[in-house]
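The primary structure of each chain is shown beneath.
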Number of protein chains: 2
Amino acid sequence: MTYSSIDNKRIKDIKKLHQKKYRDEMNMFLVEGEHLVKEAYISGYLDSIILLEGTTFSLSKNDIYVTDKVMRYLSALDNYQPVMGICHKKEKKDLQNRLLLLDDIQDPGNLGTIIRSAVAFGFDSIILGLKTTDLYSSKVIRATQGLLFHINIFSMDLKELIREIKPNYYVIGTRVDGGEEITKFKNHDKIALVMGNEGQGVSSDILAMCDAYGYIPMREQCESLNVGVAASIMMYELSR
Amino acid sequence: MTYSSIDNKRIKDIKKLHQKKYRDEMNMFLVEGEHLVKEAYISGYLDSIILLEGTTFSLSKNDIYVTDKVMRYLSALDNYQPVMGICHKKEKKDLQNRLLLLDDIQDPGNLGTIIRSAVAFGFDSIILGLKTTDLYSSKVIRATQGLLFHINIFSMDLKELIREIKPNYYVIGTRVDGGEEITKFKNHDKIALVMGNEGQGVSSDILAMCDAYGYIPMREQCESLNVGVAASIMMYELSR
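Quick caveat, the model's predicted, so the values are computed rather than measured.

## Thoughts on the relation of the copies chain B and chain A
With an RMSD of 0.0 Å, the fit of chain B onto chain A corresponds to turning through 180 degrees and sliding 0.0 Å along the axis. Here the symmetry operator amounts to a two-fold rotation axis. For chain B, the smallest separation between a C-alpha atom and the rotation axis is recorded for B:Val229, amounting to 2.6 Å. When the interface residues of chain B are mapped onto chain A, 100% of them again lie at the interface, so the same face is used by both copies.

Below, the structure is given as structure tokens:
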């Protein structure tokens, strides 16, 4: 069968996945476009595929066909794709040697970029502070280019996490002044790097729990870098 | 006097500066908020200040007072500020030792981030390919955090530019494969680094004009980095 009405209960429920409240409730999220659907499939997170009627796709998983009108209704994009995927949210996995702690990043583009760079530079886990922008929003997922499926990510109170990992990990906070060049820390076995949010940086109570502080040397006309850039350069240096 | 009508010719002309066509015609652009207006003033690019009636500001330059309604009309922001500036566009200056050539970057946030990083890592000039997103749009200017006033930036056909600078500069193209680690090039005196656009990378005819190709080593699950991140890491390495 093909769903042709946007008033259908099943279609309305899928559409609700564009809202964080329902993603949290159903523990599911949406991806759009061939690349992301394939990445979700390969990684085992895909629950079902939504296809535009009359199109074919190289994969099959609980396929749901919809009309053009319904596809447009379900999509968050101006140029909607003929394929979407409904995915299960990621589950927490064990921490390895390189952790990135994000203290409430607000911009979806920044979060997506950071996830992409974390995979590029061999970080194994990203832990999101509880006020971080939602990982499963359409903008974040697109900015990750599918790489969210290649890394362990979960949300947790960062102070609680730091207390848990502290005996085993060297916890590096970031601030513009009073730290040491980030290259200095790359020989530590187990590292937890903490990046702060766009406006305030790392919060003072978390900074107080860190073992050391890292910075990126730069010209003084520039007070700070974009947080996506700063996180990426630090992970790059710690991976070398 | 205070402008209170959005039908006033002067107000309508200022509003038009949100469109590239009029920015090009009048050779002016707008900035919003205290920080950007101050940066424009210090750098000598400020032509006049627009102030919300009843407010004061620490600087003065051909001040124009407007009502709340007019300020809201002139602003591109949801939360408009009580101060805006009308600025002269930047003029081309002489090239020094570290040039960044941007082959048609499309995303305003990426362009702003790259400008910010270029100042941070001591690049002196940014040359924008002719199809690059407009430097003077509200989004780009905000993403630069005012640092566009601290660096030489102009638009030009990049092939023409490379032909001009080629005898004196080592021109480094960027591509995902077939290059050498970017750190290898940092000892060249005069460098021109070319970054490509989000979808296609550096165009093939420009790549063919380069002296060498640089890349950033990364894990193979990740095919590429966000262009703002890639440009920043390369400039960081070339500045060390």
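## Remarks on the side chain of A:Arg98
Residue and element names in this part refer to chain A. Along the chain, the position of Arg-98 falls in strand S6 (residues 98-102). Buried charged residue Arg-98 carries no salt bridge. Nearest counter-charge: Asp-189, at 6.6 Å. From its side chain, Arg-98 meets the backbone oxygen of Asp-189 in a polar contact 3.0 Å long. With residues up to four places along the chain from it excluded, the contact list for Arg-98 reads Gly-122, Phe-123, Asp-124, Ser-125, Lys-186, His-188, Asp-189, Lys-190, Ile-191 and Leu-238.

## Section: the sheet that holds strand S6 (residues 98-102) of chain B
Residues and elements named next belong to chain B. Read across the sheet, 7 strands follow the order S8-S7-S6-S11-S9-S12-S10 without closing on themselves; strand pairing throughout is parallel. Every other strand in the sheet has two partners, leaving strand S8 (152-155) and strand S10 (180-181) as the edge strands with one partner each. Bridging between strand S7 (residues 125-128) and S8 involves 4 bridges; their strand directions are parallel. Bridge assignment links Ile-127 to a residue of S8, and that residue is Phe-154. Those strands touched by helix H7 (residues 158-165) are S6, S7, strand S9 (170-174) and strand S11 (191-195), and its axis lies near 155 degrees from that of S6. Packing against the sheet, helix H9 (residues 227-238) makes contact with S6, S9, S11 and strand S12 (212-215), and its axis sits at approximately 165 degrees to S11.

## What to know about the interface of chain B and chain A
Chain B puts 27 residues into the contact, and the matching count from chain A is 27 residues. Between chain B and chain A lies a buried interface of about 2400 Å² when both sides are counted; carbon and sulfur atoms form 58% of it. The largest per-residue losses of area from chain B upon contact with chain A belong to B:Arg116, B:Arg219 and B:Tyr236, which jointly make up 21% of the total buried on that side. Counting the contacts that link chain B with chain A gives 4 salt bridges. A salt bridge links A:Glu237 to B:Arg240; its shortest N-O distance comes to 4.0 Å. For the interface between chain B and chain A, the tally reads 10 residue pairs in polar contact (both at pLDDT 80 or more).

## Some points on the packing of aromatic side chains
Residues and elements named next belong to chain A. Tallying each qualifying case throughout the model produces 10 aromatic pairs over all chains. Note on Tyr-170 and Phe-185: the rings are 5.9 Å apart at their centroids and 40 degrees apart in plane angle, and the pair reads as tilted. In this pair, Tyr-170 sits in strand S9 (residues 170-174) while Phe-185 sits in the loop between strand S10 (180-181) and strand S11 (191-195), placing the two residues 15 residues apart along the sequence. When its relative accessible area of 23% is taken as the criterion, Tyr-170 is described as partly exposed. With a relative accessible area of 1%, Phe-185 lands in the buried category. Connected via pairs of aromatic rings, a cluster forms that spans Phe-29, Tyr-45, Tyr-136 and Phe-149. Over the face of the ring belonging to Tyr-73 we find Lys-15, whose NZ or CZ atom lies 4.6 Å from the ring centre.

## Considering the nonpolar core
Core analysis: the biggest nonpolar cluster contains 108 residues, and A:Leu193 and B:Leu193 have the highest contact counts within it. In this structure B:Leu193 touches B:Leu99, B:Leu100, B:Leu101, B:Phe123, B:Ile172, B:Thr174, B:Ile182, B:Met234, B:Met235 and B:Leu238, once residues within four positions along its chain are discounted.

## Examining the domain arrangement of chain A
All names here are of chain A. Under the domain assignment, chain A is made up of domain 1 (2-88) and domain 2 (98-238). Here the C-alpha centre of domain 2 lies 31 Å away from the C-alpha centre of domain 1. Taken together, the 14 residues of domain 1 in the interface contact 11 residues of domain 2. Taking both sides of the interface into account, the surface hidden between domain 1 and domain 2 amounts to around 1100 Å²; carbon and sulfur atoms contribute 68%. Area buried by domain 1 at its contact with domain 2 is led by Arg-23, Phe-29 and Leu-36, which between them contribute 42% of it. Here domain 1 and domain 2 share 1 salt bridge between them. Close ionic contact of Asp-134 with Arg-23 constitutes a salt bridge, the shortest N to O distance being 2.7 Å. At 4 residues, helix H3 (residues 34-42) tops the list of elements feeding residues into the side of domain 1 that touches domain 2.

Parameters and conventions
- Residue positions within a chain follow its written sequence, with the count starting from 1.
- A letter from A marks each chain and a number from 1 marks each ligand, given out in the order of writing.
- In view of the model being predicted, local features appear only for residues whose pLDDT reaches at least 70, and side-chain atom pairs are presented and counted only at 80 or more, with totals across whole chains, interfaces and linings using the full set of residues.
- Values shown for side chains rest on all heavy atoms present in the structure; no hydrogens or waters enter the calculation.
- Residues below a pLDDT of 70 in either copy are left out; the C-alpha atoms of the rest, at least 70 in both, set the least-squares superposition of the copies.
- Any pair of residues with heavy atoms lying within 4.5 Å of one another is described as a contacting pair.
- The helix count covers DSSP runs of H or I at least four residues long, the strand count covers runs of E at least two residues long, and both are numbered beginning at the N terminus.
- Remark: exposure states derive from per-residue accessible area (1.4 Å probe, protein chains only) relative to the maximum for the residue type, with buried under 20%, exposed over 50%, and partly exposed in between.
- Neither His nor the chain ends contribute to the count of charged residues, in which Lys and Arg are positive and Asp and Glu negative.
- Between Lys or Arg on one side and Asp or Glu on the other, a salt bridge is scored when a side-chain nitrogen of the former is within 4 Å of a carboxyl oxygen of the latter.
- Under this definition, polar contacts are N or O atom pairs within 3.5 Å; protein pairs additionally need one hydrogen-donor-capable and one acceptor-capable atom, and for neighbouring residues in sequence, both atoms have to be side-chain atoms.
- The rule for pairing is simple: two strands pair if DSSP sees at least two bridges between them.
- Between N-to-C directions, angles span 0 to 180 degrees; the directions come from axes that are lines fitted to C-alpha atoms, helices contributing only their stretch in contact.
- The quantity reported as buried area is the accessible area (1.4 Å probe) lost by two parts once they are put together, taken as the sum for both.
- The rule is short: rings of Phe, Tyr and Trp, with Trp giving its six-membered ring, pair when the centres are within 6.5 Å, and they are stacked under 30 degrees, edge-to-face over 60, tilted in between.
- Two limits define a charge over a ring: the Lys NZ or Arg CZ must be within 6 Å of the ring centre, and within 35 degrees of the ring normal.
- Each nonpolar core is a collection of buried residues, namely Ala, Val, Leu, Ile, Met, Phe, Trp, Tyr and Cys, held together in the definition by side-chain atoms within 4.5 Å.
- For the purposes of this description, domain bounds are those given by an automatic or database domain assignment.

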